[in-house]
Amino acid sequence: MIWHPYQQMKNMKEPYKVEKAEGVYLYTDKGKVIDSVSSWWSNIHGYNNSEINEAIENQLKKFAHVMLGGLTHEAAEKLSNKLADMLPGDLDYCFYSDSGSVAVEVALKMALQYFMNKDETQRTMVLALKNAYHGDTFKAMEVGDDEDYHFVLKAYGESKNVVHIPTEIGEIEKAFEKYHSRLNSFIVEPLLQGAGGMRMYDISFLKRARELCDKYGVLLIFDEVATGFGRTGVRFVADLVLPDIIVLGKALTGGYIGHAVTVANKKVYDAFYDDDPNHALMHGPTFMGNAIACSAALKSIEIFERENYIGKIKKIEEITRREMEGFNDERIKEIRIMGGCVCIEVVDQKNIEGYQDFAFKRGVFSRPFLKYIYAMVPYIIEEKELIKVLDTMKLWFQQ
Ligand SMILES: *Cc1c(COP(=O)(O)O)cnc(C)c1O
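Residues numbered from 1 in each chain as written. Predicted model: local features only at pLDDT ≥ 70, side-chain atom pairs only at ≥ 80, totals over all residues. Heavy atoms only, no water.

## Some remarks on the overall build of the chain
Phase 1: Helix and strand counts for the chain stand at 13 helices and 16 strands.
Phase 2: Its C-alpha atoms put the chain at 65 × 55 × 45 Å along the principal axes.
Phase 3: Counting all 399 residues of the chain, 53% fall into the buried class.
Phase 4: Long-range pairs, those at least 24 residues apart, make up 70% of the contacts in the chain between residues at least 6 apart in sequence.
Phase 5: A total accessible area of about 18400 Å² is found for the chain, and carbon and sulfur atoms account for 51% of it.
Phase 6: Averaging the locations of the 48 positively and 58 negatively charged side chains of the chain gives two centres separated by 3 Å. (Helix = DSSP H or I, 4+ residues; strand = E, 2+ residues; numbered from the N terminus. Buried < 20%, exposed > 50% of the residue type's maximum accessible area, 1.4 Å probe, protein only. Contact = heavy atoms within 4.5 Å. Areas by Shrake-Rupley, 256 points an atom, 1.4 Å probe, with all protein chains shown as cover. Lys, Arg positive; Asp, Glu negative; His and termini not counted. Charge placed at Lys NZ, Arg CZ, Asp CG, Glu CD.)

What follows is the structure in structure tokens.
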């Protein structure tokens, strides 16, 4: 049997069974619904995209997968060149993994080993944000700040190697003053903290973070697993403030196959590049650089650029703002909108109990959590479909 994610199996309600998916629609055994979650924010082109299907089929005719240890192949090479071209600054060095969590682990390992390779052995600490989410593996949990992991706190207590701060300039200044000589990196989900509650904050915080990281020689890591490829309204937040390491996942393959990449700048790469074999980056997931994943990613990026997705996302944001304008209810604490993300935070978790079924009956698949009802739709959604998603959210409070 399937053991489902984040789920108390004892009281799990029957999951909807997907039989087919096309465009923004999931066709389930209980009817056709718009996927307002984009399969955990990854499916940006809609389902069953004929171009990505074809790219995968073409790669399959050659081979599905070969390891990257001692081997290379065209799809991984092309994707690395494409990412280096596309990403700002000298974010040019692409290290692949099979998931976002692992790619975050790689980024944090890079940051630690960067300083160990330079014999700065006191730099063992990571600065991170309150309400951060960086994935489910152990180091990712440690830099994260997720209520779900309280059993880890119970087991090990507070981490001595991670400090969490809120997204306030005064707080980051204080943290740097206190810990700068021991920090190797500052990791953030830039502008939009996803799984921690769709929290949005201002770019000025990241600009200050960049200045402080420069001043004290600390590496700035952007975990853009969720924000990358347009979700906040810009291609990458890294286009606005340049990190030393960026992590991409989720939409990297258009939501087709689990794959992720940790891209470092030259300064980071150079700290590993010398005659000492122990200075090599000690990591290598079996399926890194999977040829099918790389082919899907290449085609996904081609479509993203060719079809003016940034324009599409701006339009989604515009429609969302227009439709949500003036909407309120006493049960709502705040409505947040940024790019292709809208979130209604309610006062009490009870206020959204039953929302998933309510939305499903109206033709929308949604996955509210804690105090949040949100939508992160595929970018190809049409105006009337988007309005249906937003109307469903509003209707819940009006029934
Ligand atoms: C989803 C997510 C991850 C983890 O990615 P997986 O592919 O699920 O391992 C890491 N960081 C952020 C910001 C995410 O949203």
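## A few points about the pattern of salt bridges
Phase 1: One pass over the full model with this rule turns up 28 salt bridges.
Phase 2: Its salt-bridge partner being Arg210, residue Asp244 comes within 3.1 Å of it at the nearest N-O pair. Here Asp244 is found in the loop between strand S10 (219-223) and strand S11 (245-248), whereas its partner Arg210 is found in helix H8 (residues 203-216), with 34 residues between them in sequence. Per residue, the accessibility class of Asp244 equals that of Arg210, and both read buried.
Phase 3: The network of salt bridges with shared partners includes Glu51, Lys299, Glu302, Arg306 and Glu307. (Salt bridge = Lys/Arg side-chain N within 4 Å of Asp/Glu carboxyl O.)

## Notes on the nonpolar core
Phase 1: Counting residues in hydrophobic clusters, the biggest one holds 133 residues, and the most contacted among them are Leu83, Phe186, Leu206, Phe229 and Met393.
Phase 2: When residues in this core are grouped by element, the largest group, 10 residues, is from helix H4 (residues 100-117).
Phase 3: Among the domains, domain 1 (9-35 + 308-398) and domain 2 (51-306) are the pair contributing at least three residues each to this core.
Phase 4: The contacts of Leu83, once residues within four sequence positions are left out, are Leu91, Cys94, Tyr96, Leu248, Leu252, Val261 and Ile301. (Core = buried A, V, L, I, M, F, W, Y, C linked by side-chain atoms within 4.5 Å. Domains from an automatic or database assignment.)

## Structural notes on the packing of helix H11 (residues 309-324) against helix H13 (residues 383-398)
Phase 1: One way to put it is that H11 packs onto H13 with a least axis distance of 10 Å and a crossing angle of 40°. With respect to H13, the axis of H11 lies oblique. Viewed along their axes, H11 and H13 form a crossing whose handedness is right-handed. Along the contact surface, H11 presents Lys315, Ile316, Ile319, Thr320, Arg322, Glu323 and Met324, while H13 presents Glu383, Leu386, Ile387, Leu390, Asp391, Met393 and Lys394.
Phase 2: Residues that form the contact of H11 with H13 fall into these classes: seven nonpolar, one polar and six charged. (Axes fitted to C-alpha atoms, helices over the stretch in contact; angles between N-to-C directions. Parallel < 35°, antiparallel > 145°, perpendicular 65-115°, else oblique. Left-handed = near helix turned anticlockwise from the far one by under 90°. Nonpolar A, V, L, I, M, F, W, Y, C, P; charged D, E, K, R; others polar.)

## Notes on the site of the ligand
Phase 1: In the vicinity of the ligand, the contacting residues are Trp41, Ser99, Gly100, Ser101, Tyr133, His134, Gly135, Glu189, Asp223, Val225, Ala226 and Lys250.
Phase 2: Taking Ser101, its side chain carries an N or O atom lying 2.6 Å from an oxygen atom of the ligand.
Phase 3: For the ligand, the protein covers 82% of the area, taking 380 Å² as the surface of the free molecule.
Phase 4: Considered class by class, the residues forming the shell around the ligand number four nonpolar, five polar and three charged. (Near = heavy atom within 4 Å. Polar contact = N/O pair within 3.5 Å; in protein donor to acceptor, adjacent residues only side chain to side chain.)

## Considerations on the packing of aromatic side chains
Phase 1: All chains considered together, the criterion is met by 21 aromatic pairs.
Phase 2: With centroids separated by 4.8 Å and ring planes inclined at 80°, the aromatic side chains of Tyr114 and Phe115 adopt a geometry described as edge-to-face. Exposure class is identical for Tyr114 and Phe115. Each is buried.
Phase 3: On the basis of an interplanar angle of 75° and a centroid distance of 5.7 Å, the ring pair of Phe369 and Tyr374 is categorised as edge-to-face.
Phase 4: You can call Tyr374 buried: its relative accessible area is 3%.
Phase 5: Members of the aromatic cluster, connected to one another through ring pairs, are Phe176, Phe186, Tyr201, Phe205 and Tyr216.
Phase 6: The ring centre of Tyr27 lies 4.5 Å from the NZ or CZ of Lys20, which sits over that ring.
Phase 7: When the ring centre of Phe358 is taken as origin, the NZ or CZ atom of Arg362, which lies over that ring, is 3.8 Å away. (Phe/Tyr/Trp six-rings, centres within 6.5 Å; stacked < 30°, edge-to-face > 60°. Lys NZ or Arg CZ within 6 Å of the ring centre and 35° of its normal.)

## With respect to helix H10 (residues 291-306)
Phase 1: When the terminal C-alpha atoms of H10 are compared, their 22 Å separation across 16 residues agrees well with the 22 Å that a helix rising 1.5 Å per residue should span.
Phase 2: Ala291, Ile292, Ala293, Cys294, Ser295, Ala296, Ala297, Leu298, Ser300, Ile301, Ile303 and Phe304 are the residues of H10 that are buried.
Phase 3: Against the buried residues of H10 lie helix H2 (50-62), helix H3 (74-86) and H11.
Phase 4: The opening residue of H10, the one whose side-chain oxygen lies 3.0 Å from the backbone nitrogen of Ile292, is Asn290.
Phase 5: The first or second residue beyond H10 is Asn308, which carries a positive phi of 45°. (Expected span 1.5 Å × (residues − 1).)

## Some words on the side chain of Asn184
Phase 1: The topology assignment puts Asn184 in strand S7 (residues 183-188).
Phase 2: Excluding anything up to four places from it in sequence, Asn184 contacts Ala111, Leu112, Phe115, Arg123, Thr124, Met125, Val126, Val218 and Leu219.

## Some details on the domain arrangement of the chain
Phase 1: Domain boundaries in the chain define domain 1 (9-35 + 308-398) and domain 2 (51-306).
Phase 2: On a C-alpha basis, the centroid separation for the pair domain 1 and domain 2 is 28 Å.
Phase 3: The interface is formed by 18 residues belonging to domain 1 together with 21 residues belonging to domain 2.
Phase 4: Summed over both partners, the interface of domain 1 with domain 2 buries about 1700 Å², with 64% contributed by carbon and sulfur atoms.
Phase 5: Taken together, the connections running from domain 1 to domain 2 amount to zero salt bridges.
Phase 6: Every element with two or more residues in the side of domain 1 that touches domain 2 is listed here: H11, strand S13 (332-338), strand S14 (341-346) and strand S16 (372-375). (Buried area = accessible area lost by both parts, 1.4 Å probe.)

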